Amino acid sequence: MKHFLIYTNLHKDRDLAVTEHIREFLEQKGCTVSVITESQTSEEKVISKQADCMLVLGGDGTILRAARQMGELNIPILGVNMGTLGYLTEVEPDNIDSALTQLLAGEAQPEERMTLCAQIKSPQGQGKEQWALNDVVITRSGPLQINDFNIYVNGQFLKKYSADGIIISTPTGSTGYNLSAGGPIAKPGTRLMLITPICPHTFNQRSIILSSEDRIVVEIPEGRNGQQEVEVSFDGGSRTGLRTGDSIAITGCERNVVFLKLSKASFLEVLRRKMSENSRREQ
């Protein structure tokens, strides 16, 4: 690897000390380095399409935003954890130099992560297709009330959820909002989709795991008090309003996001460590 792009969250690396350290380290090894910050506009971002790797400095949210903004370039991602748990990040700040040495020695292994494709349909027609690496989340909009959601899979009615919302997540997103809502954790490299209700109104509503080849449709029916208004977000980003009569179709995308893995630790080892760290923070 010779060409690098550093994507920095200025809230996490305020004085760019870590960013500049990485830049100097790589340039001393004869590499070319471009630096962009999350706060820059699209016009301000000078992006090298020749980059072999994008080093993302921040937390999981920063990685998701970087993946969405740079998705068309298909640059492999290596995350440097400047946040808290950092399920998506591979490198801790104390190990940056050794991680960069491994990277330059060609020791990184690519790991492909599936994404979701989603399209909103309303009586006025179909919206532009969106994609998500983590999840598609449909939540209530406006007053504090339970919403109803009809779920169809491959054209067949599955069930009706009464809940605060619905999460459709990838294995990558299974350790995000899905986990907070009581959903299961899935191995990142697998291809499947998880449907998890947010605060379901009954005791027997659980997560459902489906193939990435399935087609999930979430329909917004009339609610107890007539018309419902909800909103959908993609990876926690831009939000779009939905109302009774609208629906959103979700399936696995052909597009993959590539993460670089340096550690020899298994997914279960990493998961155990992250959960232990979280338990210590809660004490």
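Residues numbered from 1 in each chain as written. Predicted model: local features only at pLDDT ≥ 70, side-chain atom pairs only at ≥ 80, totals over all residues. Heavy atoms only, no water.

J.: Would you mind going over the packing of helix H1 (residues 17–28) against helix H3 (residues 96–104) in detail, with residue names and values included?
T.: Packed helix pairs are characterised by how far apart their axes lie and by the angle those axes make with each other. At a minimum axis separation of 11 Å, H1 and H3 run at an interaxial angle of 40°. Comparing their axes, H3 and H1 come out oblique. As H1 runs across H3, the sense of the crossing is right-handed. Residues Val18, His21, Ile22, Phe25 and Leu26 of H1 form the contact with H3, whose own contacting residues are Ile96, Asp97, Leu100, Thr101 and Leu104. Its residues assigned to classes, the contact of H1 with H3 comprises 7 nonpolar, 2 polar and 1 charged. (Axes fitted to C-alpha atoms, helices over the stretch in contact; angles between N-to-C directions. Helix = DSSP H or I, 4+ residues; strand = E, 2+ residues; numbered from the N terminus. Parallel < 35°, antiparallel > 145°, perpendicular 65-115°, else oblique. Left-handed = near helix turned anticlockwise from the far one by under 90°. Contact = heavy atoms within 4.5 Å. Nonpolar A, V, L, I, M, F, W, Y, C, P; charged D, E, K, R; others polar.)

J.: Account for the confidence of the model for the protein chain, with residues named and values stated.
T.: Any region with low pLDDT has predicted coordinates that should not be read closely. Per-residue pLDDT for the protein chain averages 88, and the proportion of residues at 70 or more is 93%. Taking the mean pLDDT of every element in the protein chain, the minimum, 68, falls on helix H5 (residues 267–282) and the maximum, 98, on strand S14 (residues 215–219). (pLDDT = per-residue confidence, 0-100.)

J.: So what about the environment of Gln126? Which residues, and what values?
T.: Inspection of the secondary structure assignment puts Gln126 in strand S6 (residues 125–126). On the basis of relative accessible area, Gln126 is assigned to the exposed category, the value being 55%. Beyond its immediate sequence surroundings of up to four residues, Gln126 is in contact with Gln119, Ile120 and Lys121. (Buried < 20%, exposed > 50% of the residue type's maximum accessible area, 1.4 Å probe, protein only.)

J.: Explain the state of the cysteines to me, using residue names and the numbers behind them.
T.: Considering all chains together, one arrives at 1 disulfide under this definition. With a sulfur-sulfur separation of 1.7 Å, Cys117 is cross-linked through a disulfide to Cys253. Here Cys117 and Cys253 share a disulfide; its torsion about the S-S bond, 120°, makes the bridge right-handed. Here the residue Cys117 occupies a position in strand S5 (residues 109–122), and Cys253 occupies one in strand S17 (residues 247–261), the gap between them amounting to 136 residues. No disulfide involves Cys53; its nearest neighbouring cysteine sulfur is the one of Cys31, lying 10 Å away. (Disulfide = S-S within 2.5 Å.)

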